[in-house]
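Structure at a glance
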Amino acid sequence: MGRHWDWDDVLSYSTFKTVKVRDRRLGGLHYFFMLLIVGYIVYTIFSKQLFLATESVTGGSVRTTILPPSALASPPYCDTVAGKCLYLSSAQITPTTEESTIFVTTRVSLTNATVADGCNPFAPASQACQPGFPKSRAVDYYAADVENYTIMVEHTVRGFSTAISLRNGDLRGKLLDVEGKPMRSYIPASAPPADRTDEASHYGNDLSRVVVRGTNIAGDIFSIADLLAAANVSSLNLPTKSPSGAANNETMRFAGIVLIVMVDYANMVSNPEEISYTYRVSMIQGAETKVLENHYIPVGPLGANVTMQQWNRHGIRIKFVQTGKLGQFQLITLLTNVVASFALFRIAVLIVEFLMLRVLPEKDKYSAYKYQVTEDFHTASRRSSVDASRDNMELESVPSTADSETTVPAAGGTRAPLSRSRGGSSFSLFKLKSKSHDSNVQSSTAAEKQAPPVPTVPTALLPPSECAPPPPATKLENGGWYSLVSAINAPPPPSPVLPSHVREADTAAAVGARSPRVAPSPSVATLSPLGPSPTPSGNAAAGYPRE
């Protein structure tokens, strides 16, 4: 036998029901979680500036210049190489610069070219005429006091969809270490003097760590030693981690390193309308860098001959990368983030409902209040339709030539239709309301002996001579009464004699609306409930059963 599917259960619809749980434990927890979530939302919106419409930094530029210290020292590491140290100028310490990049020489190997006899090294006519630079003839030199060279960095920034276009000389900036702690601050020359004091309070009132740019200074100035410290490189004399350099026990000064400086722009938390930036420096582990250059050196008396010399530079490649976001206040952005944060309130509801339905001792009572299953409305709708059909089937019609209606009083004073005729058809109706022993109406002996009200015949009814009396009522086993109602095409019966207490005025008015009367017949019949057993007295004896 196949499985029976109750589609009212399969296709049921679940809706929310509001239940007020009067329990201070649940209510207190709910409000506590709500306050925590509100505090978190407010803190997140302001700390992450979720009220700003932001965009990525585009179209920026970086310009760098380098200067040697006023007096170059002779550090001890100069004695570790054959050529000692070179005291290079700002033009010599760096080769041709790249975009947003500066190369600072720490070690250089000089090699004079070897040229075959009869060949021009500047225009070799054959492969044998190419100049050679054997490593055996190379002489290594270190750049003296390179850590004390200073670099000035000037950078600009602009937005794409916003009108923001700024340079760092007008902004506030900070140099951070690898842990994100500020090492030095830079403020514009236009800032009030009190700003320097306030900024120095973050460094233990050390004013040397707060740099106020001069009116003729375009950017930020820091030394090579500052960048190395920000990258957590304590000394260039430490062993290198590059594969080729480590195999030869080379130091970072000898092999070279790569530093990445991230210039990160953002709106200030204290003043979102002002843009600030930070420098974050990191070293690429295991990377080394070098640059090869050819120099032409005059030799011989008065420089009559020219020879070729190769400079193999190793040093610090500093790459500046601009990143970050620029933002402007927008109300729609704030509202969007606030509405999105409201989803967190559902967490408080889930926690409280879990405790209510799974943990607390009264969980069964809470569950009974929360969840409710309705009746089967589909079956109830069908039942109502069937009841309506049964009520309509109590009426049966036969052809007639006039519209008329006759009423007789039911027991207790309620009038019920006796006969009705509409649209050329007529039917007899003796529907008397039933009273069972379960009803609230009392059927006492005094009520049974009371005479029923006088039946009346409206002016639109048939005359007394054509009004047939109803059939006698039938008593059922449960104490109720049923009357037999029938209507067939039959010759009219003899005119009945109405009781003497029928009003003559109504009878005279009904004479003008004569129509054939169809006598009841037991061949077509329906049963209509009436009520408890009446006492055959009064009108009941005359053929009108009482309720």
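Anyway, here's the lowdown on the structure attached to this text. (Residues numbered from 1 in each chain as written. Predicted model: local features only at pLDDT ≥ 70, side-chain atom pairs only at ≥ 80, totals over all residues. Heavy atoms only, no water.)

1. Considering the environment of T65
Worth spelling out the cut-off: Put simply, DSSP marks the helices as runs of H or I at least four residues long and the strands as runs of E at least two long, and each gets a number from the N terminus on. Any two residues whose heavy atoms approach within 4.5 Å are treated as being in contact.
If you trace the backbone, T65 turns up in strand β2 (residues 58-67). The residues touching T65, leaving out its near neighbours within four places in the chain, are T150, I151 and M152.

2. Thoughts on the side chain of S100
To keep it simple, the criterion reads: Whether a residue is buried, partly exposed or exposed follows from its accessible area with a 1.4 Å probe, protein chains only, as a fraction of its type maximum: under 20%, in between, or over 50%, in that order.
Structurally, S100 can be placed in the loop between α3 (90-93) and β4 (101-112). Since its relative accessible area comes to 12%, S100 is described here as buried. Excluding anything up to four places from it in sequence, S100 contacts V62, I318, K319 and F320.

3. Structural notes on the pattern of salt bridges
Condition: A pair is scored as a salt bridge if a Lys or Arg side-chain nitrogen falls within 4 Å of a carboxyl oxygen belonging to Asp or Glu.
Within this structure, the stated rule accounts for 15 salt bridges. Across the pair R253 and E147 runs a salt bridge, and its minimum N-O distance is 2.7 Å. Of this pair, R253 sits in helix α7 (residues 252-255) while E147 is found in the loop between β5 (139-143) and β6 (150-158), placing the two residues 106 residues apart along the sequence. Exposure remark for E147: the relative accessible area of 17% places this residue in the buried category. A salt bridge links E179 to K181; the nearest nitrogen and oxygen atoms lie 3.6 Å apart.

4. As for helix α2 (residues 24-47)
To keep it simple, the criterion reads: Given the number of residues in a helix, its expected span is that number minus one, multiplied by 1.5 Å.
Its 24 residues place the ends of α2 34 Å apart at the C-alpha level, agreeing with the 34 Å of an ideal helix rising 1.5 Å per residue. Looking at the buried side of α2, the elements it contacts are α8 (331-341), α9 (345-359) and α10 (363-370). Following α2 by one or two positions, Q49 adopts a phi angle in the positive range, close to 55°.

5. Quick notes on the state of the cysteines
What counts, and what does not: The disulfide criterion used throughout: a pair of cysteine sulfur atoms within 2.5 Å.
Across all of its chains, the model carries two disulfides by this definition. What pairs with C78 in a disulfide is C85, and their sulfur atoms sit 1.7 Å apart. Around the S-S axis, the bridge from C78 to C85 shows a dihedral of about -95° and counts as left-handed. Among the residues examined, C78 registers a relative accessible area of 5% and is labelled buried. Each sulfur in the disulfide pair C119 and C129 lies 2.0 Å from the other. Across the S-S bond linking C119 and C129, the dihedral sits near -55°, which makes this disulfide left-handed. Of the two residues, C119 is situated in the loop between β4 and β5 and C129 in the loop between β4 and β5; the sequence distance between them amounts to 10 residues. C129 shares its class with C119; the two are buried. Sequence-ordered numbering of the bonded cysteines in the protein gives a disulfide pattern of 1-2, 3-4.

6. Points about the nonpolar core
Operational definition: For the purposes of this section, nonpolar cores are sets of buried Ala, Val, Leu, Ile, Met, Phe, Trp, Tyr and Cys residues that join through side-chain atoms within 4.5 Å.
With 52 residues, the main nonpolar core has L259 and I318 as its most contacted residues. In this view, L259 contacts L227, L228, A231, V281, S282, M283, I316, R317, I318 and K319; residues no more than four positions away in its chain are not counted. Among the nonpolar cores identified, the runner-up in size contains seven residues, and I41, I45, L52 and F345 belong to it.

7. Comments concerning unusual backbone geometry
Not every positive phi belongs to a glycine, and S100 is a case in point at roughly 60°. Positive phi values are uncommon outside glycine, yet D145 reaches one of about 55°. Along the polypeptide, D145 turns up in the loop between β5 and β6. The exposure class of D145 is buried, given its relative accessible area of 8%.

8. Description of the packing of aromatic side chains
Here is the rule we go by: To pair, rings of Phe, Tyr and Trp, with the six-membered ring standing in for Trp, must have centres within 6.5 Å; the planes then decide the type, stacked if under 30 degrees apart, edge-to-face if over 60, and tilted in the middle. The rule for a charge over a ring is simple: NZ of Lys or CZ of Arg within 6 Å of the ring centre, and within 35 degrees of the ring normal.
Under the definition given, this model contains 12 aromatic pairs. Residues F51 and F329 carry aromatic rings whose centres are separated by 6.3 Å and whose planes lie at 45° to one another, so their mutual orientation is tilted. Of this pair, F51 sits in the loop between α2 and β1 (52-56) while F329 sits in strand β15 (residues 305-329); the two residues are 278 residues apart in sequence, bridging distant segments of the chain. Of the residues examined, F329 reaches a relative accessible area of 53% and is grouped as exposed. Look at Y186 and F222: their rings are 6.4 Å apart centre to centre, the planes differ by 70°, and that puts the pair in the edge-to-face class. Here Y186, found in strand β9 (residues 182-187), pairs with F222, found in strand β11 (residues 220-223); they are 36 residues apart in sequence, far enough to count as distant. When sorted by exposure, Y186 lands in the same class as F222, which is buried. Here the aromatic residues Y186, F222, Y265, Y277 and Y279 are joined through ring pairs into a cluster of three or more. Here the basic side chain of R107 rests over the ring of F254, its NZ or CZ set 3.6 Å away from the ring centre. The residue whose ring lies beneath R253 is Y77, and the NZ or CZ to ring-centre distance is 3.6 Å.

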